[in-house]
Amino acid sequence: MNTPTEYGVHIHAHGGPQAMQYEPIQVPPPGPREVQIRQHAVGVNYLDIYHRRGVFPIPSLPGALGVEAAGEVVAVGRDVQRFKPGDRVAYACPPVGSYVSLRNLPDHGIVKVPSGVSDEQAAAATLQGITAHMLLHRVAPLRKGQTIVIHAAAGGLGSLLTQWARRFGVRIIGVVGSEAKAGLAASLGCDDVIVESSEPLVQGVRRLTDGEGVDVVFEGLGGRVFHESLTVLKPFGHLVNLGQAAEGLPAVALSDLGPARSLTVSVPGVFAYVRTHPDLQSVADDLYGLIASGGLRVGIGGRFALKDARDAHRALESRGTTGSLVLLPERP
């Protein structure tokens, strides 16, 4: 048997970053309806940390992490119609396992990437961009004149969501963790920025809205921030939870939502959107078109070799990063 020339990052047990192992892998030819992708850039998302920790266990151990990457088609299996070798592609979908240099993937979740978008941009923005598209077109369509709050407005998803929401003519209050991130959030389109280390969320929103509150809050921390976000909503306001990076998703009594306050809460999942959308390529085309035209700036907050995925996870967990992180597999 030849020595494998491909590599991947696997976990053999759930745990901290040290659980991740850079190992050689064998990749068979693609099967029916599968596409083989030479991966040029791999997106790092907080979901990967949930999988590594076992908050959302991956199907089997040992297994690779990751759900997002961009690269080039090198082979296709039987019955693949939409792709051919040489196509530039990206994906943001299960099955888990994108932390590899080469992989086979079912063709239904893959999208083509235009020439005006780089591999790094596609790997950094596909999952978060499709999530933003879902939020703004399906979960919480915005109307001109509304006021919204976006937590982690300088982060990967927050930065894309802020820029895209700006196109709807809404007032945006961004929330960031430090003064260093406030300027970035403002440059992305936030009308006002609350620095949590200097001013509590509830106090800041009341100050900025003269006590009226906001129409929509997008938050991905859960726990205390989830409950505080409910507090700052107007009647008929909408809280959208995007993850539980801090304290987990809390239980909420229906009586806390209405009828007096008439609030709604959504906990959407982007993979349900990917799985059920009738034309995923059209969603990707909207996203990539905005990136290529300069309508969406994709911030790359850090580049790491695939073998250094542990360092990328440590950086993301520190909550000190801005933009998105990408892993770069070694070229054969």
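Described below are features of the structure shown in this document. None of the values given here were measured: they were computed from a predicted structure. (Residues numbered from 1 in each chain as written. Predicted model: local features only at pLDDT ≥ 70, side-chain atom pairs only at ≥ 80, totals over all residues. Heavy atoms only, no water.)

**Observations regarding the overall build of the protein**
Secondary structure summary: the protein contains nine helices and 16 strands in total. Here the protein has a C-alpha radius of gyration of 20 Å; the compact-globule value for 332 residues is 20 Å, and the two agree. Taken along its principal axes, the extent of the C-alpha atoms in the protein is 70 × 40 × 35 Å. Taken over 332 residues, the protein has a buried fraction of 54%. Put simply, 67% of the contacts in the protein that link residues at least 6 apart link residues at least 24 apart. Element-wise, carbon and sulfur atoms account for 52% of the exposed surface of the protein, whose accessible area totals about 14100 Å². Measuring between centres, the 30 positive side-chain charges of the protein sit 2 Å from its 30 negative side-chain charges. (Helix = DSSP H or I, 4+ residues; strand = E, 2+ residues; numbered from the N terminus. Rg over C-alpha atoms; globule rule 2.2 N^0.38 Å. Buried < 20%, exposed > 50% of the residue type's maximum accessible area, 1.4 Å probe, protein only. Contact = heavy atoms within 4.5 Å. Areas by Shrake-Rupley, 256 points an atom, 1.4 Å probe, with all protein chains shown as cover. Lys, Arg positive; Asp, Glu negative; His and termini not counted. Charge placed at Lys NZ, Arg CZ, Asp CG, Glu CD.)

**Quick look at the layout of surface pockets**
In this structure, the second largest pocket occupies an estimated 350 Å³ of space. Lining the second largest pocket we find 20 residues, and of these His-10, Ala-64, Val-96, Gly-97 and Arg-103 sit closest to its centre. Of all the secondary structure elements, the ones that give two or more residues to the lining of the second largest pocket are β4 (63-64) and β7 (102-106). Sort the elements by how many residues they give to the lining of the second largest pocket and β7 lands first, with three residues. Considered class by class, the residues forming the lining of the second largest pocket number 12 nonpolar, six polar and two charged. (1 Å grid on protein atoms, 1.4 Å probe; cavity = no way out; pocket = protein on both sides within 12 Å on 5 of 7 lines; lining within 4 Å. Points joined across faces, edges and corners; volume = space filled by probe spheres on them. Nonpolar A, V, L, I, M, F, W, Y, C, P; charged D, E, K, R; others polar.)

**Considerations on helix α1 (residues 46-53)**
Taking burial as the measure, the eight residues of α1 include six buried ones, the bulk of the element. What α1 keeps buried is the set Tyr-46, Asp-48, Ile-49, Tyr-50, His-51 and Arg-52. Where α1 is buried, its residues meet β1 (6-11), β2 (20-25), β3 (34-44) and α9 (309-317). Count one or two residues on from α1 and you reach Gly-54, which has phi positive near 95 degrees.

**Here we look at helix α2 (residues 119-139)**
Counted at 1.5 Å a residue, the expected span for α2 with its 21 residues is 30 Å, and the 28 Å between its end C-alpha atoms agrees. Along its length, α2 reaches its greatest deviation from straightness, about 50 degrees, at Ala-125. Across the 21 residues of α2, 17 count as buried, placing the element largely inside the fold. (Expected span 1.5 Å × (residues − 1). Bend = angle between axes of the 7 residues up to and from the residue.)

**Some thoughts on the pattern of salt bridges**
Counted by the stated rule, this structure contains 15 salt bridges. One salt bridge connects Glu-228 with Arg-224, and the closest N-O pair in it is separated by 3.0 Å. You can see Glu-228 and its partner Arg-224 sitting in helix α6 (residues 223-231), four residues apart, about one turn around the helix. Through salt bridges with shared partners, a single ionic network connects Arg-52, Arg-53 and Glu-317. (Salt bridge = Lys/Arg side-chain N within 4 Å of Asp/Glu carboxyl O.)

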